[in-house]
Amino acid sequence: MLNANRRRLWLVVKSLLAIAILVGVARHFAGILNDPQLDFSRFHFRVELLIPAGLLYLLAHICWGTFWVRLLHGQGISVSWYTGIRAYFVSQFGKYVPGKAWVILLRVGMLRQHHAHPFPVAVTATYETLCSMAAGALLGVIMLPYLGVLPVELSGQTTALVAVAALPVVLGVLNHFAARVVARRRGPDARRIPAPSLLLLTQGLLHGAFGHCLLGLSLGLTIAAIAPDPQPPQSMFTSNLGAVTIAYVAGFVVLVAPGGLGAREAVLTWALTPRFIAEMGANEAAALAVVIALVLRLVWTVAEVLLALCLYAFPPSQPQPKHSANANPHPGPALG
């Protein structure tokens, strides 16, 4: 009873924190957009550019979802690519619950009907997220000097933060060590602890980096769709990549914010505003950055929801046989 009450209390606290963040960001944005001197007629909405922006977002997540399917296969869970991608996108609805744990729970539930053991599904989902976020953090730090939001003395100090990108590999090494110790103690017939190979985790960082590059292109198209005098999306790619990776990772780190709502838009606005100040002044530049952040959220959310609903409506024709879904049948964890 006591533990149940603590869980309810913690859920209430997380929900209140999420509401506080959302209200605070909304009030800040409202203050920027309600400036009577703003001339919103200068902004444009080129819908034809927003459609490919949404598609690029989906491609980024397909890249990350494909890596998760590879992790599943590495643990002996032989689901099809479509089955894995379907579970990946449908589980994204779980990120809109404070704490984001429902993402993993939904993946476990959807693959249970394919006889996948919950433990390796949860572990591989965690590694997939760590790899994509670590790659984003690394790219964001590297591109920080191009944003102009911090002094060069600070934005150029990337050595300490580069270690963030090594986190999945470090955890992989520790996991392999723990898996071997436990295997020796439990005997050869016991279920193996899921331990993705180090080579696969390193490749996961490449999956993550490529996905974030697609998000950078998506942001560039969104800016081109709204800005009064847009530059070609590719001309500001480094700045777009830095802005979108920092914002995306920040939204993930703030665990109480469902889907990073509020936190991601606040950081993206902060990262984009200096780019437009020289052309239109501080107030209008901030307003343009706010509009871009909100439109990007709308485009990404609509694209994600539509694809997830379509995938959910068309389940795989037949679950995989049970004998092919046992967790890691190999004699020991591979070192890649």
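Values in this document were obtained by computation on a predicted structure and should not be read as measured data.

Undergrad: Hey, could you go over the overall build of the chain for me, with residue numbers and the actual values?
TA: If you tally the helices and strands in the chain, you get 12 helices and zero strands. The linear arrangement of helices and strands in the chain, starting from the amino end, is α-α-α-α-α-α-α-α-α-α-α-α. Here the chain holds 336 residues, and 48% of them are scored as buried. Contacts in the chain between residues at least 24 apart in sequence constitute 79% of all its contacts with a sequence separation of at least 6.

Undergrad: An account of the packing of aromatic side chains is requested, with residue identities and associated values reported.
TA: Counting across every chain of the model gives four aromatic pairs. Ring centres of Trp64 and Tyr248 lie 5.8 Å apart, and the angle between their planes is 70°; this geometry places the pair in the edge-to-face category. Of the two residues, Trp64 sits in helix 2 (residues 47-74) while Tyr248 sits in helix 10 (residues 237-253), which places them 184 residues apart along the sequence. Accessibility assignment for this pair places Trp64 and Tyr248 in one class, buried. Through a chain of ring-to-ring contacts, the aromatic side chains of Tyr57, Trp64, Tyr248 and Trp300 assemble into a single cluster.

Undergrad: Please give an account of helix 2 that cites residues and values.
TA: Along its 28 residues, helix 2 runs 41 Å from first to last C-alpha, staying within 8% of the 40 Å computed at 1.5 Å per residue. Phi for Gly76, located one or two positions after helix 2, is positive at around 80°.

Undergrad: Give me the lowdown on the nonpolar core, citing residues and values where you can.
TA: Judged by nonpolar contacts, the single largest core of 64 residues is most densely connected at Leu219 and Leu272. Top contributing element to this core by residue count: helix 12 (residues 282-313), with 16 residues. Residues contacting Leu272, with those up to four places away along its chain left out, are Leu219, Ile223, Ala243, Ala289 and Ile292. Phe67, Leu71, Val123 and Leu200 belong to the second-largest nonpolar core, a separate cluster that totals nine residues.

Undergrad: Describe the environment of Gln203, and please don't skip the residues or the numbers.
TA: By the secondary structure assignment, Gln203 is in helix 9 (residues 198-226). Each C-alpha atom, one on Gln203 and one on Cys131, is 9.0 Å from the other, the two residues being 72 residues apart in sequence. For Gln203, the side chain forms a polar contact with the side chain of Arg70, separated by 2.5 Å.

Undergrad: Explain the environment of Leu22 to me, and be specific about the residues and the numbers.
TA: With respect to the helices, strands and loops of the structure, Leu22 is situated in helix 1 (residues 2-33). We classify Leu22 as partly exposed; its relative accessible area is 39%. In this structure the C-alpha to C-alpha distance between Leu22 and Ala263, which are 241 residues apart in sequence, comes to 7.8 Å.

Undergrad: Explain helix 3 (residues 81-91) residue by residue, including any values.
TA: Burial within helix 3 is extensive, with nine of its 11 residues counted as buried. Taken residue by residue, helix 3 has Thr83, Gly84, Ile85, Arg86, Ala87, Tyr88, Phe89, Val90 and Ser91 as its buried positions. The inward-facing, buried residues of helix 3 contact helix 2, helix 4 (101-112), helix 5 (118-143) and helix 12.

Undergrad: For the environment of Thr269, give the residues involved together with the corresponding values.
TA: Relative to the assigned elements, Thr269 resides in helix 11 (residues 263-280). When the C-alpha atoms of Thr269 and Ala289 are compared, they prove to be 4.9 Å apart, with 20 residues separating the residues in sequence. Residues in contact with Thr269, not counting those within four places in the same chain, are Phe29, Ala286, Ala289, Val290 and Ala293.

Undergrad: So, the packing of helix 5 against helix 10: which residues are in play, and what are the values?
TA: Two elements in contact, helix 5 and helix 10, have axes separated by 8 Å at closest approach and are oriented at 135°. Taken together, helix 5 and helix 10 sit at an angle that is classed as oblique. The two elements helix 5 and helix 10 meet at a crossing, and its hand is left-handed. Of the residues in helix 10, those in contact with Thr129, Met133, Gly136, Ala137, Leu139, Gly140 and Met143 of helix 5 are Thr238, Leu241, Gly242, Thr245, Ile246, Tyr248, Val249 and Phe252. Of the residues belonging to the contact of helix 5 with helix 10, the class tally is nine nonpolar, six polar and no charged.

Undergrad: An account of the pattern of salt bridges is needed here, citing residue identities and associated values.
TA: Pairing is possible between side chains that carry opposite charge, provided their charged atoms lie close to one another. Counted under the stated rule, the structure contains three salt bridges. Arg107 is paired through a salt bridge with Glu128; the nearest N and O atoms lie 3.1 Å apart. Separated by 21 residues along the polypeptide, Arg107 in helix 4 and Glu128 in helix 5 bring together distant segments of the chain. Glu128 matches Arg107 in its accessibility class, with the two residues each being buried. The partner of Arg297 in a salt bridge is Glu265, with the nearest N and O atoms 2.6 Å apart. A residue pair is termed long-range when its members are at least 10 positions apart, and Arg297 in helix 12 and Glu265 in helix 11 qualify at 32 residues. Taken as a pair, Arg297 and Glu265 share a single burial class, namely buried.

Undergrad: I'd love a proper account of unusual backbone geometry, names of residues and values included.
TA: Unlike most non-glycine residues, His115 shows phi in positive territory, near 65°. Along the polypeptide, His115 turns up in the loop between helix 4 and helix 5. Taking the relative accessible area as the measure of exposure, His115 reaches 36% and is therefore partly exposed.

Undergrad: Provide a residue-level description of the confidence of the model for the chain, including the pertinent values.
TA: Of all residues in the chain, 75% attain a pLDDT of 70 or more, and the chain-wide mean is 80. Low pLDDT, under 50, characterises residues 150-156; the predicted model gives this stretch seven contacts beyond four residues in sequence or across chains. Here residues 322-336 scores under 50 on pLDDT; set against residues more than four positions off or in separate chains, the count is 40 contacts.

Conventions adopted
In every chain, residue numbers begin from 1 and rise along the written sequence. Per-residue local features of the predicted model are confined to residues with pLDDT of at least 70, and side-chain atom pairs are confined, for both listing and counting, to 80 or more; whole-chain, interface and lining totals are unaffected and use all residues. Values shown for side chains rest on all heavy atoms present in the structure; no hydrogens or waters enter the calculation. A run of H or I in DSSP becomes a helix once it reaches four residues, and a run of E becomes a strand once it reaches two; helices and strands are each numbered from the N terminus. Note on exposure labels: buried denotes an accessible area under 20% of the residue type's maximum, exposed denotes more than 50%, and partly exposed covers the range between, all computed with a 1.4 Å probe on protein chains only. Contacts are residue-level and defined by heavy atoms, with any inter-residue pair within 4.5 Å sufficient. Working definition: rings of Phe, Tyr and Trp (its six-membered ring) pair if their centres are within 6.5 Å, and the pair is stacked with planes under 30 degrees apart, edge-to-face with planes over 60 apart, and tilted otherwise. A helix is expected to span 1.5 Å for every residue after the first. For this analysis, a nonpolar core means a set of buried residues of the types Ala, Val, Leu, Ile, Met, Phe, Trp, Tyr and Cys, connected via side-chain atoms within 4.5 Å. Pairing of N or O atoms within 3.5 Å defines a polar contact, subject to two protein rules: one partner must be a possible hydrogen donor and the other a possible acceptor, and residues neighboring in sequence count only if both atoms are side-chain atoms. With axes taken as lines fitted to C-alpha atoms, and helix axes fitted only over the stretch in contact, angles between N-to-C directions fall between 0 and 180 degrees. Just so you know how the angles are binned, under 35 degrees is roughly parallel, over 145 roughly antiparallel, 65 to 115 roughly perpendicular, and the rest oblique. By definition, any crossing whose near helix is turned counterclockwise from its far helix by less than a right angle is left-handed, and any crossing with a clockwise turn is right-handed. Residues are grouped as follows: Ala, Val, Leu, Ile, Met, Phe, Trp, Tyr, Cys and Pro are nonpolar; Asp, Glu, Lys and Arg are charged; all remaining types, including Gly, are polar. A pairing counts as a salt bridge when a side-chain nitrogen of Lys or Arg comes within 4 Å of a carboxyl oxygen of Asp or Glu. pLDDT is a residue-level measure of predictor confidence that goes from 0 to 100.

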